[in-house]
Structure formats: C-alpha cells, structure tokens
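Each chain is listed here by its residues.
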Amino acid sequence: MEIEKKYGPAATIAICKLNAGETLVAEGGAFMAMQGPVDVTTTTRQKGGGGIIKGLKRIFSGESFFLNHFTAKNISEVWLGTPLPGDIMVHELQGDRLVIAGGGFVACESNVQIDLQWQGLKSIFSGEGIFWIKASGQGKVIINSFGFIYPIDVDGEYIVDTGHIVAFEETLNFEISKASKSWIDAFLSGEGFICRFKGKGRVWCQSHNPKSYGQELTPHLKPKQK
Amino acid sequence: MEFKIEERPEYAWLTVKVPARHKLFVEASAMASMSSNMNLRALFRGGFRRFLSGENLFLSEFTADGIDGEVCIAPGPSGDMAHITLNNETFYLASSCYVAHSQGVNYETKFQSLSQGLLSGAGWFLVKMQGSGDVWFNGYGQIVELEVHDQLVIDNGHIVAFSDGVEYDIIKLGGYKSLFFSGEGFVCRFRGRGKVYVQTKKPASLIAWAQAFRRIKRSNN
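What you see is a predicted model, and the numbers here were worked out from it, not measured in a lab. (Residues numbered from 1 in each chain as written. Chains lettered and ligands numbered in written order. Predicted model: local features only at pLDDT ≥ 70, side-chain atom pairs only at ≥ 80, totals over all residues.)

Asks: An account of the pairing of strand E5 (residues 38–43) of chain A is requested, with residue identities and associated values reported.
Replies: Residue and element names in this part refer to chain A. Side-chain alternation along E5 places Val 38, Val 40 and Thr 42 on a buried face and Asp 39, Thr 41 and Thr 43 on a face that remains uncovered. As defined by bridge partners, E5 adjoins strand E6 (residues 67–72) across six bridges and the pair is classed as antiparallel. Among the inter-strand pairings, Asp 39 is bridged to a residue of E6, identified as Thr 71. (Buried ≥ 20, exposed ≤ 12 C-beta atoms within 10 Å, placed from the backbone. Helix = DSSP H or I, 4+ residues; strand = E, 2+ residues; numbered from the N terminus. Pairing = 2+ DSSP bridges.)

Written as structure tokens, this is what we have:
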C-alpha cells in the first residue's frame, strides 16, 4: 500500500492507494473520500481478535469505538482526513513497536496490530488519557497531530510535555513527573506534567497542544446544561 | 474580472478589481477593505426558507462609481478559496461555501429534496449559480478538485461544490451497522460527468472535538 501525504502541514490528508485485496483499517470519522471498488465493514475490533472490550478500551484512549475496514476489490484510493488543523505522519513498522498517544491514531494496514496499553496510575494525573495505543507487526501506521510534527532522537534522557507527545518507539522507557521539583512551580508555570524519556529511540512531538487550545476556547463556548 | 487569491490555503484572501460601473456581489459581512469609490447596497436575496435556515437574508452588492475600484474579501472561517469561470453554465455550491460572484451570473437558492437536504452535510440549501461570469467560493482546509466517475464516494461534510451534469445519491458507508456505528453516517456517491470540489477538513469534526471543552452549568432546580 502506498500512502501519500498532501496539503500539509495544516490541511493535511493521507491518500492511501490500495491494490486488490489490501485492507486499510481506519478510525471512525477519518473517512473523507474514496475512488474505486472498495468494500466497507465496521467492527469494534480488528479482524481476528478483541471485541467489545477492546472497543470500550479504545474510547478511554480518546479514539473512536469503531473501526472501518476498507478492502479494495481492485486498485482504489481511500482519502483520510484529521479533525484538527494539523499534520500527518506515516510510520512503517518492521516488527518493532510504536506507542501512540491518545487521539493520534488514524489508520493502519491490516497486518499491524493495535492494542491499548495501560500507562500506569501516573498517566491519569497527566490528563492525557489512561491508555495509549501500541502498534506492532508489519506495515504502515498513519498518525495525526495538532500543528506540525518534529522528531527527536533520544540518547540518554529527554523531556517532553505530555500534551505534545505524538508517538514514540517502545525501546524508550519513560516516566511521568511534575515539570519542576517544586509542586508550586509546576502548577504556576502551567507546565504541569512532563514525560521523561530514557534510553535510545525516537520521539515524535507536535508543535501545539490540543488541550491548551481547547481550554482557551472554554470561556467562549456555550455551557452544557446539567 | 481581474482578481487574485493570496495566502492559500490557510488564510485565503480575495482581491477583485471591479471595472467602472460594474457590479460585484459578495456574501454579507465578508468585505475586509475596499477603495472609496465602491458603493454598497444590501440586496435582499432570501425568502422564508432562508430565514428558517438561520442564514443571512442579504447579499452585498458593490458598484464601482465613476472609476475602477477594488474590493478585498475574507470569508468568516479561515481556509482555502477557489474560483471558477462560468460560460453559460450552471454550478452548485453548498450554501455556506459561497463567497462572491460577478455580474452576468444569477444567484439562486435551491431547496434540496427532503432526503438530500436532511442527510447531506451541506444543509438544506444549495446555491445555484447560472450564467456567464466569475464565481468564488471557500472551504475549510484545502479545496481539491476531483473528476467525477462512477466509483467516487465522498463524505457529506467534505463537499463544497459540484458542476452541472453531476448526479449524486446519499448512501451509507458499508452496511447498516456502519450507518450507526462507523462515525461516518451518510456519504454521497457520484455519477455522471463533471467536477466535484472537496475541502480537506470538515467543520463538523472541529465542532465535535470542541464539545469536550464546554463548561457544565448546573441548573438550580
């Protein structure tokens, strides 16, 4: 499957070119357009594993409960978009594993397994979702971001704000901690929690933090009645 | 008419040179700046149906008085803009994507059939542009032009405009399970010959995302 990125970094879409028999698994809501003979089925899981429980878990990770499977009967194209203005990255897995932060998953080839990974109690306090998605196997994964994406090769130690993590290689260890030694400084600076990566591997970061953007909007949005 | 669209695709911005005594029609409140000899008149365009849909009932009509003038136009949402020249042709726009048109083109609001209007993200109305002249329209994200063929399917929320001769019906993506569960709802399947213009972002997704950031107000009783 060939995946082409276009109109980046703000209006980005992924154009996936499918050969006969190939399947693309995409998050519900990502579909924009398709050309060619494509069969579409919707499941709560990937074919050959999981089920409702996996679907429920996916909600906790900030993803859609449902996955759409696009199977090409002949050469066709499926176009995928992203909800926020931002970029897309295509990462090819070759037996290695990638951890994708909440809400970042868009689609993958059918030979990629996606599962949820419990990030430990600490991640609850980080406000970034309890589960992150772990992608493994062989094939391409499509991930979205808010703003543009920049990679960082970690060798030793590096710190990223939890809201700016897009994905990272599983070879890295990490711990979530407060941004400063002092609770007061961490709170007043607005930085809150950070992720401290250790070891050797690559982290992809997004230039903007969707949560900060959302919180800027809050005073201007009509309150929900309860 | 002579024009330029700058800062595509994020902050597309249109400047039109209007020859003396010519008219330019623009979406209400979209004018950003203009030369001092431009004369503005509010043109009643809507009927009862437009009133019901909550859209603006008026179009702005700009006339160049005496000498040539120019109007700079920026639509409400930031995004891309596109232009098409009509040559005794008909062209359809999602109502929210209309920006401006020149003299010689007739602007008509078209009520979609019940099923089409109800189901398509374009809303109840389409704008039917007919005649010879210029039409400008906007979209969220980048506007992409697609050639229609028999196996083209597009999500409702991404459709901006289409040319005459293009037919579409509303279908569900996949089976009935997809309809309720896929998160995609309805999509348009196109037939016939012509062009469809799509936007790479859809406003509905942004709105759905922003919902999570609304405050919760408790009622007192």
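Asks: Describe in detail the nonpolar core, supporting the description with residues and values.
Replies: Among the nonpolar cores identified, the biggest contains 103 residues, and Leu 80 of chain A together with Leu 93 of chain B are the most heavily contacted of them. If near-sequence neighbours (up to four positions away) are discounted, Leu 93 of chain B is found in contact with Tyr 98, Leu 126, Val 127, Met 129, Phe 137 and Ala 161 of chain B. (Core = buried A, V, L, I, M, F, W, Y, C linked by C-beta atoms within 7 Å. Contact = placed C-beta atoms within 7 Å.)

Asks: With reference to specific residues and values, describe the confidence of the model for chain A.
Replies: For chain A, per-residue confidence averages 84 on the pLDDT scale, and residues scoring 70 or more make up 84% of the total. Predicted confidence in chain A is weakest over helix H2 (residues 122–126) of chain A, with a mean pLDDT of 53, and strongest over strand E2 (residues 13–18) of chain A, with 96. (pLDDT = per-residue confidence, 0-100.)

Asks: Pulling in residues and values, what's your account of the sheet that holds E2 of chain A?
Replies: Spatial strand order, E1(A)-E2(A)-E7(A)-E4(A)-E13(B)-E16(B)-E15(B): seven strands in an open sheet with antiparallel pairing. Sheet topology places strand E1 (2–6) of chain A together with strand E15 (166–172) of chain B at the edges, where each strand pairs with a single neighbour. Between one strand axis and the next, the sheet turns by 20° as a mean value, whatever way the strands run. Here E15 of chain B pairs with strand E16 (residues 186–192) of chain B via seven bridges, running antiparallel. By the bridge assignment, Val 166 of chain B is partnered in E16 of chain B with Gly 192 of chain B. (Axes fitted to C-alpha atoms, helices over the stretch in contact; angles between N-to-C directions.)

Asks: How would you explain the interface of chain B and chain A if you had to name every residue and give the values?
Replies: Listed as interface residues are 35 residues of chain B and, on the opposing side, 33 residues of chain A. Only strand E13 (152–155), helix H3 (176–181), helix H4 (203–211) and strand E18 (216–217) of chain B provide two or more residues apiece to the side of chain B that touches chain A. When its residues are assigned to classes, the side of chain B that touches chain A shows 13 nonpolar, twelve polar and ten charged. Sheet topology note: the strand E17 (residues 224–225) of chain A/E18 of chain B ladder contains two bridges and is parallel. Looking at the pairing, Lys 224 of chain A lines up with Ile 216 of chain B of E18 of chain B. (Nonpolar A, V, L, I, M, F, W, Y, C, P; charged D, E, K, R; others polar.)

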